[in-house]
Amino acid sequence: MRTRDAIDALRRPLRNLRLSVTDRCNLRCSYCMPEDTYAWLPTPEILRFEEIAALVDRFIAVGVRKVRLTGGEPLVRKDLPALIRMLALKPLDELTLTTNGILLEELCGELKAAGLTRVTVSLDTQSRARFLKLARRDLHAQVLAGISAARRVGLPVKLDTVLIHGVNDDEVVTMLDFAAEHDAELRFIEYMDVGGATHWSMGQVVSRKEILDRLAVKVGPVEALPGRGSAPAERFRLPDGRAFGIIASTTQPFCAACDRARLTADGQLLTCLYATKGLDLKGALRRGDSPAALEQLLLDTWGKRSDRGAEERLALREARGPLATQSELRAQPHLEMHTRGG
Ligand code: SAM
Ligand code: SF4
Ligand code: SF4
């Protein structure tokens, strides 16, 4: 039941919740987890499914309408379909999941039956050798099999592709062709200077402008589609009618319309992808705060929100570099993209 909509200090509502269900992952993407070892969240700190469901109720009460499960790799969380079954009973417009696809072939039938609305698969290349270099595991075929299997069971699929200069920037057209063959809309994501991306540099970012210029030369005029609303992706149409998206978080951020909150697997609420401090919601839940008290906590925290993280990063111009060093990340694992949920 809705009580009162949370509205932040910049008049932005809270509509979307990115829910990280684990900080563990079965890949080691160079732009997210480049190190050999990590400090993991302690298991007793990880929210149980009942705790997640209870918190989602409180988020819904203050305005959340869409929930996206993420991680780490959400499909490595044991019994994830059981959580989806619990969340599918909630009054949500969308219940989606972002995955690297490795375990999707095995789980897509159960995920669909559990009530998942759609799945977004992160796939950056058509080349097995490049995948191995990018993700440090020889599992490209599993991802492709996962995408095909999801379509076979009737689960709608989106694809997310991070482009990096000198790595996969020559795959703009082939990735769009692959997406069309699999009846999936693709979104290109600009490489972001988030926590974990310790090797980030502006020179590696393939910008929105560059993607559009390249497509204009190779495929023909690209038309911008209206109706973005608060979505991070801008949508475009190719001359043959195919639609695709660009998430230009690095060169053209969209903080002004941002209605997204993140909940880490250990129950910290982050009001921005770049936030350095979170609110300990798990602590409040485990000490027995009432539903009304938790909702008030959400209303107060969101009410004070004035985050514009990506816009502030953009304003750094030449001074821009990785958000945090490896030692800072070791000391504060909550800064990691794989902990806060991309
Ligand atoms: N493991 C799942 C996956 O890869 O889809 C979910 C979590 S992952 C952190 C979510 C998304 O963040 C992925 O699409 C990934 O490509 C993206 N991501 C991670 N690091 C990034 C970076 N430095 N810049 C842009 N996108 C990044
Ligand atoms: Fe790659 Fe996602 Fe794992 Fe990060 S969390 S290393 S983006 S698969
Ligand atoms: Fe929202 Fe923060 Fe991302 Fe800006 S940087 S769009 S405020 S999460």
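Scoring rules and cut-offs
Residues numbered from 1 in each chain as written. Chains lettered and ligands numbered in written order. Predicted model: local features only at pLDDT ≥ 70, side-chain atom pairs only at ≥ 80, totals over all residues. Heavy atoms only, no water. Buried < 20%, exposed > 50% of the residue type's maximum accessible area, 1.4 Å probe, protein only. Helix = DSSP H or I, 4+ residues; strand = E, 2+ residues; numbered from the N terminus. Pairing = 2+ DSSP bridges. Lys, Arg positive; Asp, Glu negative; His and termini not counted. Salt bridge = Lys/Arg side-chain N within 4 Å of Asp/Glu carboxyl O. Contact = heavy atoms within 4.5 Å. Expected span 1.5 Å × (residues − 1). Near = heavy atom within 4 Å. Nonpolar A, V, L, I, M, F, W, Y, C, P; charged D, E, K, R; others polar. Polar contact = N/O pair within 3.5 Å; in protein donor to acceptor, adjacent residues only side chain to side chain. Areas by Shrake-Rupley, 256 points an atom, 1.4 Å probe, with all protein chains shown as cover.

Visitor: How would you summarise the pairing of strand β9 (residues 243-247) if you had to cite specific residues and measurements?
Guide: Counting buried positions along β9 gives four out of five residues, so the element sits mostly inside the fold. Pairing of strand β6 (residues 185-190) with β9, which is carried by four bridges, proceeds in the parallel orientation. Bridge assignment links leucine 186 to a residue of β9, and that residue is phenylalanine 244. Summarising the sheet, strand β8 (residues 234-237) and β9 pair through four bridges and their orientation is antiparallel. Each residue of the ladder has a partner; that of glutamate 234, found in β9, is isoleucine 246. Between β8 and β9, which pair antiparallel in sequence order, lie five residues; one of them, glycine 241, sits at a positive phi of approximately 95°.

Visitor: For the side chain of glutamate 73, give the residues involved together with the corresponding values.
Guide: As for its placement among the helices and strands, glutamate 73 is situated in the loop between β2 (66-70) and α2 (80-88). Notably, glutamate 73 is buried but unbridged: the nearest opposite-charge side chain belongs to arginine 28, and the N-O separation is 10 Å. Dropping the residues within four chain positions of it, glutamate 73 is found in contact with Thr22, Arg24, Cys25, Asn26, Thr99 and Asn100.

Visitor: Give a description of helix α1 (residues 49-61) that names residues and reports values.
Guide: Look at α1: 18 Å from first C-alpha to last across 13 residues, which is about the 18 Å you get at 1.5 Å a residue. Counting buried residues in α1 gives 10 out of 13 residues, a clear majority hidden from the surface. What α1 keeps buried is the set Phe49, Glu51, Ile52, Ala53, Leu55, Val56, Arg58, Phe59, Ile60 and Ala61. Within two residues after α1, glycine 63 carries a phi angle of roughly 125°, on the positive side.

Visitor: Break down the site of ligand 2 for me, citing the residues and quoting the values.
Guide: The environment of ligand 2 is made up of Cys25, Leu27, Cys29, Tyr31, Cys32, Met33, Gly72 and Asn100. When the residues that make up the shell around ligand 2 are grouped by side-chain class, the tally is six nonpolar, two polar and no charged.

Visitor: Give me the lowdown on the site of ligand 1, citing residues and values where you can.
Guide: Near ligand 1 there are 19 residues, and of these Tyr31, Gly72, Thr98, Ser122 and Met192 occur at the shortest range. Within the backbone of tyrosine 31, one N or O atom sits 3.0 Å away from a nitrogen atom of ligand 1. Protein coverage of the free-state accessible area of ligand 1, which is 540 Å², stands at 95%. Put simply, the parts of the chain that give the shell around ligand 1 at least two residues each are β3 (94-99) and β6. In terms of residue class, the shell around ligand 1 is made up of nine nonpolar, eight polar and two charged.

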